[in-house]
Amino acid sequence: QVQLVESGGGSVQPGGSLWLSCAASGAIHGLLSLGWYRQAPGNQRELVASIEREGRPTYTDSAEDRFAVSISGDSALKTVYLQMTSLRPEDEVTYFCQYEGLGCYEQFEEWGQGTLGTVSS
């Protein structure tokens, strides 16, 4: 079983920056990638960025050039980070960490609890 614990978030003014982190522990030996999704109320969850175990990142259009994903850790604990800069009011959504990995028989995913990033003047 994989456990994900998100931290960071908080409140910033427009134009400010926030760091999110997500610590993955437990049965993470089959890790393929860790990703960050965002979800506004009433909308579907959408991928912002993901990063492979080896550290290769992938960004979607929603990341623009304002977000950066990184990963650190070892075989017992992996942490994925999302650095968000030049924040706008529309970035005030809930951010979810996602784990994708290989189990004994199939690929599976786990989700973090979600972190709200507040952008307000």
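**Some points on the pairing of strand 11 (residues 115–119)**
Phase 1 of the analysis: Because side chains alternate across strand 11, one face comprises the buried residues Thr-115, Gly-117 and Val-119, and the other comprises Leu-116 and Thr-118, none of which is buried.
Phase 2 of the analysis: Inspection of the sheet shows strand 2 (residues 10–12) paired to strand 11 by 3 bridges, in the parallel sense. For Ser-11, the partnering residue across the bridge sits in strand 11 and is Thr-118.
Phase 3 of the analysis: Across 2 bridges, the pairing between strand 9 (residues 94–102) and strand 11 is antiparallel. Across the sheet, residue Tyr-95 finds its bridge partner in strand 11, namely Thr-115.

**A few points about the state of the cysteines**
Phase 1 of the analysis: Per the stated rule, a full pass over the model turns up 1 disulfide.
Phase 2 of the analysis: Bridging Cys-22 to Cys-97, the disulfide has an S-S length of 2.2 Å. Judged by the sign of its S-S torsion, about -75°, the cystine formed by Cys-22 and Cys-97 is left-handed. Of the two residues, Cys-22 is situated in strand 3 (residues 18–26) and Cys-97 in strand 9; the sequence distance between them amounts to 75 residues. Across this residue pair, the class does not change: Cys-22 and Cys-97 are buried.

**Observations concerning the pattern of salt bridges**
Phase 1 of the analysis: Considering all chains together, one arrives at 6 salt bridges under this definition.
Phase 2 of the analysis: Salt-bridge contacts for Glu-64 lead to Arg-66; the nearest nitrogen and oxygen are separated by 3.2 Å.
Phase 3 of the analysis: The residue Asp-91 makes a salt bridge to Arg-66 at a minimum N-O spacing of 2.7 Å. Here Asp-91, found in the loop between strand 8 (77–84) and strand 9, pairs with Arg-66, found in the loop between strand 6 (57–59) and strand 7 (67–73); they are 25 residues apart in sequence, far enough to count as distant. Side by side, Asp-91 and Arg-66 carry an identical accessibility label, which is buried.

Definitions and cut-offs
- Residues numbered from 1 in each chain as written.
- Predicted model: local features only at pLDDT ≥ 70, side-chain atom pairs only at ≥ 80, totals over all residues.
- Heavy atoms only, no water.
- Buried < 20%, exposed > 50% of the residue type's maximum accessible area, 1.4 Å probe, protein only.
- Helix = DSSP H or I, 4+ residues; strand = E, 2+ residues; numbered from the N terminus.
- Pairing = 2+ DSSP bridges.
- Disulfide = S-S within 2.5 Å.
- Salt bridge = Lys/Arg side-chain N within 4 Å of Asp/Glu carboxyl O.

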